[in-house]
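# Observations on the three-dimensional arrangement
Chain by chain, the residues:
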Amino acid sequence: MILPILAYGNPILKTKCKRINKDFKDLNVLIKNMWETMYSASGVGLAAPQIGKSIRLFIVDASPFSEDKELSLEERENLKKFKKVFINPVITWSSNNLNSFNEGCLSLPDIREDIKREDQIEIHYHDENFEKKILKLEGLSARVVQHEYDHVEGILFTDKLSSFKKKLLNRKLKNISTGNIKCDYPMFFLK
């Protein structure tokens, strides 16, 4: 089932999410619905708070980036098969090397900005079968995971912008929060 995505301005998007256990009610149904919702909105990641669930869960499918000819063949191959569920994630390490990339977010349609993020991370999490996993990531896969991880920490990519840049976006952000936008996928707006 395709779920509405919460728009910028909803307080759930600014809340640090809670851990869940393997007995979380209808977890597999929720994950299935999240995949369907993300794909219908042409996203590469979706976090539970974006659909109104304040839990530490997000999904990622970075395969659309595998078409980017500016990336190395090795990175394109890695991205082609990078599809994962992250439950109760914790980033335990990140490099000091920052890279900039133009990011967008399903909760902030029509806003894209250059964001600096660590090029390498290590993340501990449970997969959809609640098996413990540790991943070391770099490049775009690390970036996509950090973007979604920020969501379960109550952080939006616009929080990483300078106050000047946020002022420039103020009207667009207000339009998103009030539903004064056109969007190709279902959204939930606070009025």
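This structure is a prediction, so every number in the text was calculated from the model and none was measured.

Turning next to the pairing of strand β7 (residues 120–126). With five of seven residues buried, β7 is to be regarded as a mostly interior element. Summarising the sheet, β7 and strand β8 (residues 132–138) pair through seven bridges and their orientation is antiparallel. Within β8, the position partnered with Tyr125 by the bridge is Lys133. The hairpin formed by β7 and β8 contains five residues between the paired strands, and Phe130 there has a positive phi angle of roughly 60°.

Here we come to the nonpolar core. Counting residues in each nonpolar core, the largest one holds 33 residues, and the members touching the most others are Met34, Leu46, Leu57 and Ile87. Only α1 (27–40), β3 (57–61), β4 (83–94), β6 (108–118) and α4 (163–178) provide two or more residues apiece to this core. Top element by residues in this core is α1. It accounts for six residues. Once residues lying within four places of it in the same chain are set aside, the contact partners of Ile87 are Ile20, Leu27, Ile31, Arg56, Leu57, Tyr125, His126, Asp127, Glu128 and Phe130. Membership of the second largest hydrophobic core comes to 20 residues, among which are Ala62, Tyr125, Leu137 and Val144.

With that out of the way, let us pick up the pattern of salt bridges. Applying the stated criterion across every chain yields a total of 13 salt bridges. A salt bridge links Arg117 to Glu103; the shortest N-O distance between them is 2.6 Å. Taken as a pair, Arg117 in strand β6 and Glu103 in strand β5 (residues 98–105) lie far apart in primary sequence, 14 residues in all. Neither residue differs from the other here; Arg117 and Glu103 are each classed as buried. In this structure, the salt-bridge partner of Lys133 is Asp127, at a minimum N-O distance of 3.9 Å.

What characterises a pair of aromatic rings is the spacing of the ring centres plus the angle enclosed by the ring planes. Under the definition given, this model contains four aromatic pairs. Between the aromatic rings of Trp35 and Tyr39, the centroid separation amounts to 5.8 Å while the plane-to-plane angle is 15°, which identifies the pairing as stacked. Of this pair, Trp35 and Tyr39 both sit in helix α1, four residues apart, which is roughly one turn of that helix. Look at Tyr39 and you get partly exposed, because its relative accessible area is 38%. Ring-pair connections join several aromatic residues into one group, and the members of that group are Phe58, Phe86 and Tyr125.

Turning next to the sheet that holds β4. The antiparallel open sheet is built from five strands, whose spatial order is β2-β3-β4-β7-β8. For this open sheet the edge positions go to β2 (45–47) and β8, each flanked by a neighbour on one side alone. Here the average twist between neighbouring strands, direction ignored, is 40°. In the sheet, β3 pairs with β4 via five bridges, with the strands oriented antiparallel. By the bridge assignment, Phe58 is partnered in β4 with Phe86. Running over the sheet, helix α3 (residues 139–152) touches β2, β3, β4, β7 and β8 and is turned about 155° from β3.

Let us now look at unusual backbone geometry. With a phi angle near 55°, Asp26 is a residue other than glycine that sits in the positive phi range. With respect to the secondary-structure elements, Asp26 resides in the loop between β1 (5–6) and α1. A residue is classified by how much of its surface remains accessible, and Asp26, at 48% relative accessible area, is partly exposed.

What counts, and at which threshold
Residues numbered from 1 in each chain as written. Predicted model: local features only at pLDDT ≥ 70, side-chain atom pairs only at ≥ 80, totals over all residues. Heavy atoms only, no water. Buried < 20%, exposed > 50% of the residue type's maximum accessible area, 1.4 Å probe, protein only. Helix = DSSP H or I, 4+ residues; strand = E, 2+ residues; numbered from the N terminus. Pairing = 2+ DSSP bridges. Core = buried A, V, L, I, M, F, W, Y, C linked by side-chain atoms within 4.5 Å. Contact = heavy atoms within 4.5 Å. Salt bridge = Lys/Arg side-chain N within 4 Å of Asp/Glu carboxyl O. Phe/Tyr/Trp six-rings, centres within 6.5 Å; stacked < 30°, edge-to-face > 60°. Axes fitted to C-alpha atoms, helices over the stretch in contact; angles between N-to-C directions.

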